[in-house]
Amino acid sequence: MSFPLYQVDAFSSLPFRGNPAAVCLLDSSQPDGWMQAVAQEMNLSETAFLLPEGDGWRLRWFTPTIEVDLCGHATLASAHVLWETGRLTHNETARFHSRSGLPTAARDAEWITLDFPAKPAEAADPPSTLLYALGIDPEEAVYVGRNAFDYLVEVRREETVRALSPDHASLRCLPVRGIIVTARASSRDYDFVSRFFAPGSGIDEDPVTGSAHCCLGPYWQSGLGKSELVGYQASARGGVVRVKVNGGRILLGGKAVTIFRGELLELNFTHDIHRHR
């Protein structure tokens, strides 16, 4: 038995930019340990597993170390694969059954729009180690908040976001999925910039994080007074995310490009996983 496997660069129209995700198409349910082992083998920030279910697909997201509740770029990559392989026609909506409800994806030419739940942050007292681990002067921090997943830190200058070199070992000890750092953009090309660090989830820095924009959208809607925004995630690879705040939902727009396609051999993984536990 084998499974189709793809690697897609999401939130980019160019190869080797944006955020790479693996997408594995299943024809039957597989053990959690097997999926986690595949994600560890792929060693990308996310590996998505798709299994046909009802009117859509069961979608699960794994980092190299844990399963997560929501992932934007791997959802974008999954929808891209479904359209590219003809499993969906270009005018069909991709529907995903997930641990975060029923996210959907629609296609408009090269752009893919995800419909995700908003995850606004509320102001929070930062842990004593947070700003220190990020390398941020407390005088530079404008706001610290937290939502169900992450801490959100706004700083005064885009240059501060771009220059960050955090202590990942210290960040790994924080009881959250990750830390979003953001600032108002200094150029007219974007409304805001951000970076996302998640060493506790097995990813020191995520190149482009769609789900973080479910928090950034409501935050910058309030700060900038508009509901349609363009964000740039200023990682080494970089990526552009269109954001539209629509009540309790966030529409995330991005492009994607397939890097390779192949097949994943079963190779009796399940036996090896149980034997080595």
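Let me begin by describing the structure that accompanies this report. Quantities reported herein were computed from a predicted structural model and do not represent experimental measurements.

This paragraph deals with the overall build of the protein chain. Within the protein chain one finds seven helices and 18 strands. Taken over C-alpha atoms, the radius of gyration comes to 18 Å for the protein chain, in line with the 19 Å a tight globule of 277 residues would show. Taking the principal axes of the C-alpha coordinates as reference, the protein chain spans close to 55 × 45 × 30 Å. The 277 residues of the protein chain split such that 56% are buried. Here the contacts in the protein chain between residues at least 6 apart in sequence split such that 63% fall between residues at least 24 apart.

Taken together, the buried positions of helix 6 (residues 213-224) are His-213, Cys-214, Cys-215, Leu-216, Gly-217, Pro-218, Tyr-219 and Trp-220. Gly-225, located one to two residues past helix 6, shows a positive phi value of around 75°.

Our focus in this paragraph is unusual backbone geometry. One non-glycine residue with positive phi stands out, namely Phe-11, at about 60°. Tracing the chain through its elements places Phe-11 in the loop between strand 1 (2-10) and strand 2 (19-25).

Quick look at empty space enclosed by the protein now. In total, this model carries one cavity of 30 Å³ or more according to the counting rule given. Size it by volume and the largest cavity reaches roughly 110 Å³. Broken down by secondary-structure element, the contributors of at least two residues to the lining of the largest cavity are helix 2 (72-84), strand 13 (192-198) and strand 14 (203-206). In the lining of the largest cavity, the residues fall into seven nonpolar, seven polar and three charged.

Let us now look at the environment of Thr-85. By secondary structure assignment, the location of Thr-85 is in the loop between helix 2 and strand 6 (94-97). A C-alpha to C-alpha distance of 39 Å links Thr-85 and Glu-158, two positions 73 residues apart in sequence. Engagement of the side chain of Thr-85 in a polar contact is seen with the backbone oxygen of Leu-82, the distance being 3.5 Å. Side-chain polar atoms of Thr-85 contact the side chain of Arg-87, separated by 2.9 Å.

A word on the pattern of salt bridges. Taken as a whole, this structure holds 17 salt bridges when the rule is applied. One salt bridge in this structure joins Asp-69 and Arg-99, with 2.8 Å as the shortest N-O distance. Linking Asp-69 in the loop between strand 5 (67-68) and helix 2 with Arg-99 in the loop between strand 6 and strand 7 (104-108), this pair joins segments that are 30 residues apart in sequence. The salt bridge involving Lys-226 is made with Asp-191; its shortest N-O contact spans 2.6 Å. Of this pair, Lys-226 sits in the loop between helix 6 and strand 15 (228-233) while Asp-191 is found in the loop between strand 12 (178-184) and strand 13, placing the two residues 35 residues apart along the sequence.

Another aspect to go through is the packing of aromatic side chains. Within this structure, the stated rule accounts for seven aromatic pairs. Summarising the aromatic geometry, the rings of Phe-192 and Trp-220 are spaced 6.0 Å apart at their centres and angled 10° between planes, so their arrangement reads as stacked. One end of the pair, Phe-192, is in strand 13; the other, Trp-220, is in helix 6, and 28 residues separate them in sequence. Taking relative accessible area as the criterion, Trp-220 reaches 1% and is therefore assigned buried. Ring geometry for Tyr-219 and Trp-220: centres 5.4 Å apart, planes at 80°, overall edge-to-face. For the pair Tyr-219 and Trp-220, one class covers both residues: buried.

Counting buried positions along strand 11 (residues 150-155) gives six out of six residues, so the element sits mostly inside the fold. Every second residue of strand 11 is oriented toward a common face, with Asp-150, Leu-152 and Glu-154 on one face and Tyr-151, Val-153 and Val-155 on the other, all of them buried. With five bridges connecting them, strand 10 (residues 141-146) and strand 11 associate as antiparallel partners. Within strand 11, the residue paired with Arg-146 across the bridge is Tyr-151. Hairpin geometry of strand 10 and strand 11 is characterised by an intervening segment of three residues between the two adjacent antiparallel strands. In this sheet, strand 12 lies alongside strand 11 in parallel orientation, the contact comprising five bridges. Directly across from Asp-150, in strand 12, lies its bridge partner Gly-178.

Criteria and thresholds
- Numbering of residues begins from 1 in every chain and follows the order in which that chain's sequence is written.
- Per-residue local features of the predicted model are confined to residues with pLDDT of at least 70, and side-chain atom pairs are confined, for both listing and counting, to 80 or more; whole-chain, interface and lining totals are unaffected and use all residues.
- Side-chain measures here rest on the full set of heavy atoms in the structure, leaving out hydrogens and waters.
- Numbering of helices and strands starts at the N terminus; helices are DSSP runs of H or I of at least 4 residues and strands are runs of E of at least 2.
- Between the two quantities, the radius of gyration covers C-alpha atoms and the globule rule is 2.2 Å times the number of residues to the power 0.38.
- The buried label goes to any residue with under 20% of its type's maximum accessible area, the exposed label to any with over 50%, and the partly exposed label to all in between, with areas taken from a 1.4 Å probe on protein chains only.
- What makes two residues a contact is simply this: any of their non-hydrogen atoms within 4.5 Å.
- Cavity and pocket criteria rest on a 1 Å grid covering protein atoms alone: a 1.4 Å probe that fits but cannot get out defines a cavity, protein on both sides within 12 Å along at least 5 of 7 lines defines an open pocket, and an atom within 4 Å of a point defines a lining residue.
- Grid points are joined across faces, edges and corners, and a volume is the space filled by probe spheres set on the points.
- In this classification, the charged set is Asp, Glu, Lys and Arg, the nonpolar set is Ala, Val, Leu, Ile, Met, Phe, Trp, Tyr, Cys and Pro, and all remaining amino acids, among them Gly, are polar.
- Between N or O atoms, a polar contact is any pair within 3.5 Å; within protein, one atom must be a potential hydrogen donor and the other a potential acceptor, and residues adjacent in sequence are included only when both atoms are from side chains.
- The salt bridge definition used is simple: a Lys or Arg side-chain nitrogen within 4 Å of an Asp or Glu carboxyl oxygen.
- Working definition: rings of Phe, Tyr and Trp (its six-membered ring) pair if their centres are within 6.5 Å, and the pair is stacked with planes under 30 degrees apart, edge-to-face with planes over 60 apart, and tilted otherwise.
- Whether two strands pair depends on DSSP finding at least two bridges between them.

From the geometry alone we can't say anything about function, so treat these as descriptive.
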